[in-house]
Amino acid sequence: MAKIQLNGKKVSIKSNYSIFDLLKRYNLSNKKVAIEHNGIIVARINYKKKFLKSNDKVEIVTFIGGG
Amino acid sequence: MKKDIFKVAGKVLKSRLIIGTGKYKSFSETAKAVKASGAAMVTVAVRRVNILDKKKPILTDYLNPKKIIYLPNTAGCFNSEEALRTLRLAREMGGWKLVKLEVLGDKKTLYPNMIETIKSTKTLVKEGFKVMVYCTDDPLLAKKLEDNGASAIMPLASPIGSGLGLQNKVNISLIIKQSKVPVIVDAGIGTPSDATIAMELGCQGVLVNSAIANAKKPILMAQAFKDAVYSGRNSFLAGRMEKNYFATPSSPSKGLI
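Residues numbered from 1 in each chain as written. Chains lettered and ligands numbered in written order. Predicted model: local features only at pLDDT ≥ 70, side-chain atom pairs only at ≥ 80, totals over all residues. Heavy atoms only, no water.

A. Structural view of the environment of asparagine 148 of chain B. All names here are of chain B. The topology assignment puts asparagine 148 in the loop between helix H5 (139–147) and strand E8 (152–155). For the pair formed by asparagine 148 and lysine 126, sequence separation is 22 residues and the distance between their alpha carbons is 9.7 Å. Here lysine 144 takes part through its backbone oxygen, which lies 2.9 Å from a polar atom of the side chain of asparagine 148. (Helix = DSSP H or I, 4+ residues; strand = E, 2+ residues; numbered from the N terminus. Polar contact = N/O pair within 3.5 Å; in protein donor to acceptor, adjacent residues only side chain to side chain.)

See the structure below:
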């Protein structure tokens with residue numbers, strides 16, 4: 001178990017949890033999103049390779065309506 | 001006659017009306033308004049996904065980015081770092097290189113901070129972005145943006161969401177005359193006739209959000225804007241008559257009884 005900060009909220013995850021697993025958990029695998037992991041943008045091809053550890057900060061963003 | 005083509009950063013757009021997708025009551029209304037407007041490009045903002053509601057639909061479920069050009073913006077960014085971070089994330093999301101930069105300077109007027117805007121434009125152009133830039137209507141600063149590689153100059157007609165229309169036609173005209181890249185009036189348009197005036201001045205396009213989204217019937221208003229932009233462009237191409245101080249009769253005087 002580890003605790004990360006996801007979009008400003010504390011979230012518990014299992015060990016050996018990747019960005020890919022995180023996206024699956026929130027039904028976001030097939031959506032247009034981008035990920036920032038501890039302030040660094042993660043390329044799509046690295047989602048399965050990037051594992052999360054306690055206190056990591058993850059931001060998942062998408063497009064919303066805006067002018 | 002030569003075909004009238006609207007091109008931004010090498011991309012041909014089939015409409016000179018660009019639609020902002022904020023403030024609509026629902027995604028479904030957004031999609032219908034965009035369709036009615038005939039727009040080929042929409043602006044979108046980048047924000048956190050709502051992780052508390054997994055089933056909540058997102059904009060891309062309603063507006064297919066394969067069918068309409070998404071123009072990611074940096075709305076809400078008040079300095080260069082925030083704007084760059086936002087657009088780098090947008091690029092990662094789907095390879096968007098054509099973006100709209102807006103760096104705001106004041107919460108009350110949402111007036112652009114031109115110092116940060118110029119700085120950000122330089123960096124983004126260096127990183128390979130094609131940058132359409134929201135800016136003040138100062139011709140010197142607009143020129144500076146163009147010199148720094150902006151793909152389009154987007155001066156405000158009046159403050160964002162104010163609906164006050166074109167407040168400084170002279171400055172907008174000066175910017176149009178000096179610019180080699182498209183000038184697109186962004187922000188402050190309140191009615192379709194405002195859009196027509198902008199197009200008659202020679203703007204290459206207009207960007208409209210609040211005037212449509214805040215109308216009582218947004219879908220009908222989107223249609224009205226489509227017609228207004230089209231009319232304004234045709235009027236510009238046709239070339240207006242000269243103004244005279246005295247009357248000239250429209251009917252011939254020969255054969256008067």
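B. Inspection of the packing of aromatic side chains at higher detail. If you walk through the whole model with that rule in mind, you get four aromatic pairs over all chains. A ring pair is formed by phenylalanine 27 of chain B and tyrosine 62 of chain B, whose centres lie 5.6 Å apart and whose planes are at 35°; its orientation type is tilted. Here the residue phenylalanine 27 of chain B occupies a position in helix H1 (residues 27–37), and tyrosine 62 of chain B occupies one in helix H2 (residues 59–62), the gap between them amounting to 35 residues. In this structure phenylalanine 27 of chain B comes out as partly exposed when scored by relative accessible area, which is 24%. Among the aromatic residues, those joined into a cluster by ring pairs are Phe63 of chain A together with Tyr70 and Trp96 of chain B. Residue placement shows lysine 48 of chain A over the ring face of phenylalanine 20 of chain A; its charged tip is 4.6 Å from the ring centre. (Phe/Tyr/Trp six-rings, centres within 6.5 Å; stacked < 30°, edge-to-face > 60°. Buried < 20%, exposed > 50% of the residue type's maximum accessible area, 1.4 Å probe, protein only. Lys NZ or Arg CZ within 6 Å of the ring centre and 35° of its normal.)

C. Unusual backbone geometry, seen in detail. Residue and element names in this part refer to chain A. Even without glycine at this site, asparagine 27 takes up a positive phi of about 55°. With respect to the helices and strands, asparagine 27 occurs in the loop between helix H1 (19–25) and strand E3 (33–37). Overall, asparagine 27 belongs to the partly exposed group, its relative accessible area being 44%.

D. Here's a closer look at helix H3 (residues 80–94) of chain B. Residue and element names in this part refer to chain B. With 15 residues, H3 should reach 21 Å at 1.5 Å per residue; the first-to-last C-alpha distance of 22 Å fits that figure. Residues Ser80, Ala83, Leu84, Thr86, Leu87, Leu89, Ala90 and Met93 constitute the buried set of H3. The positive-phi residue at the C-terminal boundary of H3 is glycine 95, with phi of around 75°. (Expected span 1.5 Å × (residues − 1).)

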